[in-house]
Amino acid sequence: MALSPAQNSESRQGLLFTCLAFIGVVLNLRATLPGYLYSDSKLILEEIQTHRYSDWHSPFYRWFWGLWTRILPGPEGITVFNIGGLWLACLAIALLLRRKLGWKAGFFLLVPILPGQLNLTGTVVLDTTMNVFFLAAFVCSLLAAGATRERLKLRYVVASTLCLTATVLTRSNSLFAILPLLAVNTGLIIPPASPSTSPLAPSNRKRLFTFAASLCGVLLAGPLLNVILKPSHNHPIISLQVKHLQQLSYYTQQNRFPGTWTTEQTHQILHSCEKDRAWDNDSFWGHCSFIARAANQDDASRRATGHAWLKTLVTHPFGFFVSSLPTYKVALFDPTRPIMLFNWGMPDVKIPWQDQEPWDKSLHERHKTFIESGFNLEFGKPFMGILLSCLGLVVCFVTRSRLDQYDRVFCALMASGIIYLLTFLPINVATEYRYYIWGLLSAEVGAVYCVASLSRSLRFNFSKTAFPPLIKGLVAVSTALVLTTKLFSYPQEVRTFSITPQGDAPARILYLREEIDKFWTDAFEGHVDAPGWNLSNNEYVSGKNSQPLTMTLSLPYQDAALGYATGPDYGSFRVCEGAGKTCQTVDARSATAGEQTLILPGGTPPIGTVFTVKWVSLFLGLSLALYLVLLPGLLRAGRALVRNQRPQAS
């Protein structure tokens, strides 16, 4: 039986899309195998090799990766799954939408090379695996949307729910992000009633019960898996509680941690432990490790920390919101480690999690060149995911008189990406790029769909009810949060230091910076003017004719640290701040060579009620303006444009 021209076209499209996806997978694997092992990944691989489980990382992810090591020991198996899963999901989306979009469905095969996506495709972290599970759930929802038989549709929805469960088991805060897809899945098997139907009607009650049952199943999967795998308990929630208590201690200038602390420890908590970029500053290995050790000492200390955390959040909700903005700003606009490559940034230094070598160095260099390009790094920042998804939702609702089932699934995908990124405002210990990649991936998939589905036959919908209240609220709140976060900054204290050698013996200055581990910052953070000093290995050594070394620092009212070398060859120097108002003489002479640190205390930040009201008001004001003025204004402008075009058409 001969195929129709439409069937022939679909067959050719399917063959072409499959070939392109196969080429993409091969090139991506060649550029990144055997897979970049991040430090956390090495810990999980050690657990696999020693047949242990721990709840510090996802036990499910450790179990799932363990399955792949039976085929390919090491990182290769999970790397193939991550890269192959991404490309296969994009291919599946393109094939499923051929009939609706035609050749334009092939645009989905561009997603794996859009900004931000190649940064981590070869990196073995649970976030890239979570993305594959999320995409698999999305593809199953698309299959359900296109299915004509109810039994088949139900099977696809069940498969989608299982993939969403795997997503939450991989990273727990994705629980909030799966809600839109769960809701859409419920609507696929139990069609929504008409708007005039009572919320208590049997059909609506059935949908609500199905949604609640699906959510309960997802929630129960984690505890059930822990009973089976029996992971050792490391109490990872403590790190989040410590982070929150630390930022609120700085914000309120009062030690919020339970227990007894020395004067020196309290000073550190208020003036040198709060760092928006150094996520592990309060960890067991960080600059302020004494906090983590005290909080995680025993069950009693953990309970006390939990009670103090809950009490502080309840009594300072607005302070918690504002104090979370600095870390969130780094996460959205300048996340740490946006690129993870073999020996990236340290070509001559081998460190424990950068000791692999790529199989194809030539292709890896080309891959590296692209992901280090300004285009990829600038347009691949997490805040772009929120704005792109917001724009995609607006386009979807105003370019369609009524959303079909495919439209609903894509809107749920974009909403999930927005929600996922929003969860990192309160649940944010680290600022590493890998945590936020799903928000960007979902936005780029949604953007491709919006662009590919545009056509001249579109029927615009500018009615007052074009945006459902939940969608309008999500767009308004998320956009307002991005703008507020971008504008936010803590008050800065500008401090000028001068270092003057005393006598003929030299002074050797190792660093002058905010008091923090050197790994996270430059040795000299401000502008240095050092006439007559010798600069060697990023250290300043005075000479016989050296003038005072001056440096200006801008700090958020935190302590500064001056590092200097000691030994028999070094003499004394005088450190002054400001116009010589505060000075002290430091004697660097000692019998043996070594290093010392001089702490230069900072002031008290001018943070209070006015500061809190300012930023909370800005966020709420922007949210209300977007919800009540800008989005309705967009619809009014659209209606006016349509009215003006009708007389011309007639």
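Computed from a predicted structure; not experimentally measured.

About the thresholds
- The residue numbering used here restarts from 1 in each chain and proceeds along that chain's sequence as written.
- Reporting in this predicted model follows two pLDDT cut-offs: at least 70 for local features of residues, and 80 or more for side-chain atom pairs to be given and counted; totals over whole chains, interfaces and linings ignore these cut-offs and use all residues.
- Only hydrogens and water are removed before side-chain values are computed, so all heavy atoms of the structure are retained for them.
- By definition, any uninterrupted DSSP run of H or I lasting at least four residues is a helix, any uninterrupted run of E lasting at least two residues is a strand, and each is numbered from the N terminus.
- Two things to know: the radius of gyration comes from C-alpha atoms, and the globule rule equals 2.2 Å times the number of residues to the power 0.38.
- Buried means the residue's accessible area, taken with a 1.4 Å probe over protein chains only, is under 20% of the maximum for its type, while exposed means over 50%, and partly exposed covers the values in between.
- Should any heavy atoms of two residues lie within 4.5 Å, those residues are counted as being in contact.
- Residue exposure ignores everything except the shown protein chains as possible cover, and the areas themselves are Shrake-Rupley values with a 1.4 Å probe.
- Here is the rule: rings of Phe, Tyr and Trp (six-membered ring for Trp) pair when centre to centre is within 6.5 Å. Planes less than 30 degrees apart are stacked, more than 60 are edge-to-face, and the remainder are tilted.
- By convention a nonpolar core is built from buried Ala, Val, Leu, Ile, Met, Phe, Trp, Tyr and Cys residues, the set being connected through side-chain atoms within 4.5 Å.
- A residue counts toward a patch only above 30% relative accessible area and without a salt bridge, and it is joined to like-charged neighbours within 9 Å or, for Val, Leu, Ile, Met, Phe, Trp and Tyr, to nonpolar neighbours within 5 Å.
- What makes a salt bridge here is a side-chain nitrogen of Lys or Arg within 4 Å of a carboxyl oxygen of Asp or Glu, nothing more.

**A closer look at the overall build of the protein chain**
Item 1. Helices and strands together make up the secondary structure of the protein chain, namely 21 helices and 12 strands.
Item 2. Its C-alpha atoms give the protein chain a radius of gyration of 28 Å, near enough to 26 Å, the size a compact globule of 650 residues would have.
Item 3. Along the first, second and third principal axes, the C-alpha atoms of the protein chain reach 100 × 55 × 55 Å.
Item 4. Every one of the 650 residues in the protein chain was classed for burial, and the buried ones make up 55%.
Item 5. In the protein chain, the proportion of contacts linking residues at least 24 apart, taken out of those at least 6 apart, comes to 76%.
Item 6. For the protein chain, the exposed area adds up to about 30200 Å²; of that, 62% sits on carbon and sulfur atoms.

**Considering the packing of aromatic side chains**
Item 1. A complete count under the given rule lists 34 aromatic pairs for this structure.
Item 2. Ring centres 5.8 Å apart and planes at 50° place the aromatic pair F81 and F133 in the tilted group. Taken together, the residues F81 in helix α4 (residues 76-96) and F133 in helix α6 (residues 126-146) connect sequence positions 52 residues apart.
Item 3. You can call F81 buried: its relative accessible area is 17%.
Item 4. Classification of F133 as buried rests on a relative accessible area of 10%.
Item 5. With a centroid separation of 5.0 Å and an interplanar angle of 90°, the aromatic rings of F524 and Y540 are classed as edge-to-face. With F524 in the loop between β4 (508-514) and β5 (527-529) and Y540 in strand β7 (residues 539-541), this residue pair connects regions lying 16 residues apart in the sequence.
Item 6. Owing to a relative accessible area of 11%, F524 belongs among the buried residues under this scheme.
Item 7. The class for Y540 is buried, based on a relative accessible area of 13%.
Item 8. Pairwise contacts between aromatic rings join F60, W63, F64, W68, F81 and F133 into one cluster.

**Details of the nonpolar core**
In summary, soluble globular proteins display a tendency toward joint burial of nonpolar side chains.
Item 1. Formed by 100 residues in total, the largest nonpolar core has its most connected members in I93, L97, F108, F138, F410 and V445.
Item 2. If you tally residues by element for this core, the top one is helix α18 (residues 405-422), at 12 residues.
Item 3. The contact partners of F108, leaving out residues within four places of it in the chain, are C90, I93, A94, L97, L101, F410, V445, V448 and Y449.
Item 4. A507, F524, Y564 and A565 belong to the second largest nonpolar core, which has 29 residues in total.

**Comments concerning a nonpolar patch on the surface**
Item 1. On the surface, a nonpolar cluster with roughly 670 Å² of combined accessible area is contributed by L16, L20, F22, I23, V26, L27 and W103.
Item 2. The topology assignment puts V26 in helix α1 (residues 5-32).
Item 3. A relative accessible area of 35% means that V26 is categorised as partly exposed.

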